[in-house]
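Fold and geometry: a report
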Amino acid sequence: MTTILRGNIIHAPVFGKLEAVPRGFLVLEDGIIRGLYAELPPEYAACPVTDYGNRLILKSFADLHLHAPQYPMLGMGMDLPLLDWLHTYTFNTEARFADAAYARRVYRQLAHDLITSGTTRVAMFSSRHTDATLILMEELERAGVTGYVGKVNMDRDSGVAQEGTEESIRETLRWLDGCRFAHVKPILTPRFTPSCSDELMAELGRIAKERGLLVQSHLSENPGEVALVKDLHPDCAQYWETYDKYGLWKPGTLMAHCVHSDQREQEAMAASGVWAVHCAASNVNLCSGTAPIREMLDRGVHVALGSDIAGGDQLAMNKVVTMSIRASKIKQLETGAPFLTVPEAYYLGASAPQEWFGERPGFQPGDSLHAVVVDDGGLPEPVRELSLSERFERSIYLMDKSCITAVYSGGRKVLG
Ligand code: GUN
Ligand code: FE
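Attention here is on the structure that accompanies the text. Note that the coordinates shown come from a computational prediction; the quantities given were computed from them, not determined experimentally. Numbering of residues starts from 1 in each chain and follows the order in which that chain's sequence is written. Think of it this way: whatever chain is written first is A, whatever ligand is written first is 1, and the rest follow in order. Residues qualify for local features only when their pLDDT is at least 70, as the model is predicted, and side-chain atom pairs are given and counted only at 80 or more; totals for whole chains, interfaces and linings, by contrast, use all residues. Side-chain numbers come from the whole structure's heavy atoms, not from hydrogens or water.

Regarding the overall build of the protein chain
Under the DSSP-based scheme used, a helix requires at least four consecutive residues in state H or I and a strand at least two consecutive residues in state E, with every element numbered from the N terminus. A count of helical and extended segments in the protein chain gives 13 helices and 17 strands. C-alpha atoms define the radius of gyration in this analysis, and the globule rule sets the expected value at 2.2 Å times the number of residues to the power 0.38. Expected size for 416 residues packed as a compact globule is a radius of gyration near 22 Å; at 21 Å, the protein chain falls within 12% of this value. Projected onto its principal axes, the C-alpha positions of the protein chain cover 65 × 50 × 35 Å. Buried, partly exposed and exposed residues are distinguished by accessible area as a fraction of the type maximum, computed with a 1.4 Å probe on protein chains only: under 20%, between the cut-offs, and over 50%, respectively. A total of 416 residues make up the protein chain; the buried ones form 59% of that total. Across the protein chain, every contact between residues at least 6 apart in sequence was considered, and the portion connecting residues at least 24 apart equals 74%. Per-residue and other accessible areas were derived by the Shrake-Rupley procedure at a 1.4 Å probe size, with only the shown protein chains allowed to occlude residues. Here the protein chain displays about 15,500 Å² of accessible surface, and carbon together with sulfur accounts for 53% of that area. As used throughout, the charge tally considers Lys and Arg to be positive and Asp and Glu to be negative, leaving His and the chain termini uncounted. The location of each charge is read from NZ of Lys, CZ of Arg, CG of Asp or CD of Glu. One finds the centroid of the 40 positive side-chain charges in the protein chain at a distance of 4 Å from the centroid of its 52 negative side-chain charges. In this analysis, two residues are considered to be in contact whenever any of their non-hydrogen atoms come within 4.5 Å of each other.

Below, the structure is given as structure tokens:
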């Protein structure tokens, strides 16, 4: 069925460039974009139009790194560096997800909050628990969030959240067998090198290859972590090689943080098609540092953004976008590397991830519709009439849930 959305359409098909179509038309066929037009072609004249008036229709956001079982600790306990933070707060919180009823409540709220904040695509860590992970996938599916979820593997140095090696492998296979969701798919998730024995890493590499699965993990987030990895794998010159050794470093692998990745590690990412997921708020909250995003982009590394809930404290991706701009300005003071502009940072939070999902940046014919409709009418009255790009910029900085009129995910209307 052909349907049409009308409004002020803004998207970022190219890094650093916005395209605005005032009062334009998005033509959809069963949720798939057929075209974006300034004037409606006559053949569509009889099709039903949903007219959003003066509101903005933007590409919705993708959060490519967050920890669902850390949602209960959002906004708390950010007074320790990474390894202490994990052992003091995080593993204890995640251990609670052995309780399926608790998982259901938390994950239902998280899925709802993602959609009402305009995030329609995710790559997400669960806990080590198979049943809670399947509940998480079910709740995302029900709310209309699409993307990838990983049961976390962690058989070493993980306190009360730890699992045995055999158990980790067995439960991973049980979880994979239970994944039967239309829009939420599995991704293998060794938590990070310090949490996984060599035997487990080797087995995960084997499963990834055998089943053609994507991989997500953490890389070079914190100096203490980097030093620990060096001790654990003296045969590896750099952290990334501990993943490469086991077949986990491959095209599409997502590596969160990369704060301390030097030129050689960045070049290894670019050469292998591994993505860096930048989580600026978390990196400041846990005193990890500020990642060299401009350098990575210049070296051809694929970069996307993540909220990293709950090292990060903001679930809404427009806040993650603006935080990445602030972090890039701090980095500029340190290194002189030019900061991220609003269109550039928005591209990383909305357009770049489309490529990770096998689509093209912006609203492109043939891709499924992921969109958020923004009403900026309640924001402070400006001194003069604003251009569409000014309204876009202000909305990225200021919008909250109350500004979001409707959300479309994978072609389906999931809010409004
Ligand atoms: N490294 C390993 N686990 C985690 C986690 O839960 N959060 C962050 N920020 N880094 C990690
Ligand atoms: Fe993380």
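Section: the coordination of the iron ion (ligand 2)
Each metal site lists N, O and S donors within 2.8 Å (3.2 Å for Na, K and Ca). With water left out of the atoms, a site can look as if it is missing ligands. Summarising the metal site, the iron ion (ligand 2) is bound by the protein donors His65 (NE2), His67 (NE2), His218 (NE2) and Asp308 (OD), whose distances to it range over 2.0 to 2.4 Å. Sites are called tetrahedral only when four donors show all angles between 85 and 135 degrees, square planar or octahedral only when four or six donors show opposite pairs over 155 degrees and all other angles between 65 and 115, and irregular in any remaining case. Here the iron ion (ligand 2) is ringed by 4 donor atoms whose angles at the metal span 87 to 174°, and the overall shape comes out irregular. On the primary sequence, the residues serving as donors to the iron ion (ligand 2) are separated as H-x1-H-x150-H-x89-D. Of this pair, histidine 218 sits in strand β11 (residues 216-219) while aspartate 308 sits in the loop between β14 (302-305) and α11 (317-335), and the two are 90 residues apart along the sequence. The class for histidine 218 is buried, based on a relative accessible area of 5%. Residue classification places aspartate 308 among the buried positions, given a relative accessible area of 3%.

As for the site of ligand 1
Neighbouring residues are identified by heavy atoms, a residue being near a molecule or strand if any of them is within 4 Å of it. Around ligand 1, a shell composed of His67, Gln70, Leu82, Trp85, Leu86, Arg191, Phe192, His218, Glu221, His257, Ser282 and Asp308 is seen. Think of a polar contact as two N or O atoms within 3.5 Å of one another; within protein, one of them needs to be a possible hydrogen donor and the other a possible acceptor, and neighboring residues in sequence only count if both atoms come from side chains. One nitrogen or oxygen atom from the side chain of glutamine 70 is found 2.8 Å from an oxygen atom belonging to ligand 1. Between ligand 1 and glutamate 221 there is a distance of 2.7 Å, counted from a nitrogen atom to a side-chain nitrogen or oxygen. Contact with the protein chains hides 100% of the accessible area of ligand 1, taken as 280 Å² for the molecule alone. When residues of the shell around ligand 1 are assigned to their parent elements, the largest contribution, 3 residues, is made by helix α1 (residues 82-95). Under the convention adopted here, Pro, Cys and the residues Ala, Val, Leu, Ile, Met, Phe, Trp and Tyr are nonpolar, Asp, Glu, Lys and Arg are charged, and Gly plus all remaining residues are polar. Grouping the amino acids of the shell around ligand 1 by side-chain chemistry returns 4 nonpolar, 5 polar and 3 charged.

Here's the deal with the sheet that holds strand β1 (residues 2-14)
The pairing criterion is simple: DSSP has to find at least two bridges between the two strands. Here 7 strands make up an open sheet; going across it, the order is β3-β2-β1-β4-β15-β16-β17 and the pairing mixed. Every interior strand has two partners, whereas the edge strands, β3 (32-37) and β17 (412-415), have only one. Strand after strand, the sheet turns through a mean of 35° between neighbouring axes, direction not considered. Where strand β15 (residues 371-374) lies against strand β16 (residues 404-409), 4 bridges are found, and the strand directions are antiparallel. Its bridge partner being in β16, valine 372 is matched across the sheet by valine 407. Where helix α13 (residues 388-398) meets the sheet, it contacts β1, β2 (17-29), β4 (49-59) and β15, and its direction lies at approximately 65° from that of β4. Angles shown run from 0 to 180 degrees and are taken between the N-to-C directions of axes, each axis being a line fitted to C-alpha atoms and, for helices, limited to the stretch in contact.

Some remarks on helix α12 (residues 342-356)
A helix's residues, less one, multiplied by 1.5 Å, set its expected span. The first and last C-alpha atoms of α12 sit 21 Å apart over 15 residues, in line with the 21 Å expected at 1.5 Å per residue. Note that bend, as reported per residue, equals the angle between axes fitted to the 7 residues terminating at that residue and the 7 residues originating from it. Remark: the principal bend of α12, roughly 50°, maps to leucine 348. Within α12, 14 of the 15 residues are buried, leaving the element largely enclosed by the surrounding structure. A positive backbone phi angle near 85° is found at glycine 358, which sits one or two residues after α12.

Quick notes on the pattern of salt bridges
Here, a salt bridge means any side-chain nitrogen of Lys or Arg that lies within 4 Å of a carboxyl oxygen of Asp or Glu. All chains considered together, the criterion is met by 24 salt bridges. The shortest N-O distance in the salt bridge between lysine 331 and glutamate 334 comes to 3.3 Å. Separated by 3 residues within a single helix, lysine 331 and glutamate 334 lie in helix α11, roughly one turn from each other. Given a relative accessible area of 52%, glutamate 334 falls into the exposed group. With a closest N to O distance of 2.8 Å, aspartate 376 and arginine 391 form a salt bridge. Here arginine 391 lies in helix α13 and aspartate 376 lies in the loop between β15 and α13, a separation of 15 residues in the sequence. Accessibility expressed as a relative area gives 9% for aspartate 376, which makes it buried. Its relative accessible area of 10% is what places arginine 391 among the buried residues. One network of salt bridges, in which partners are shared, links Arg104, Arg108, Glu138, Glu139 and Arg142.

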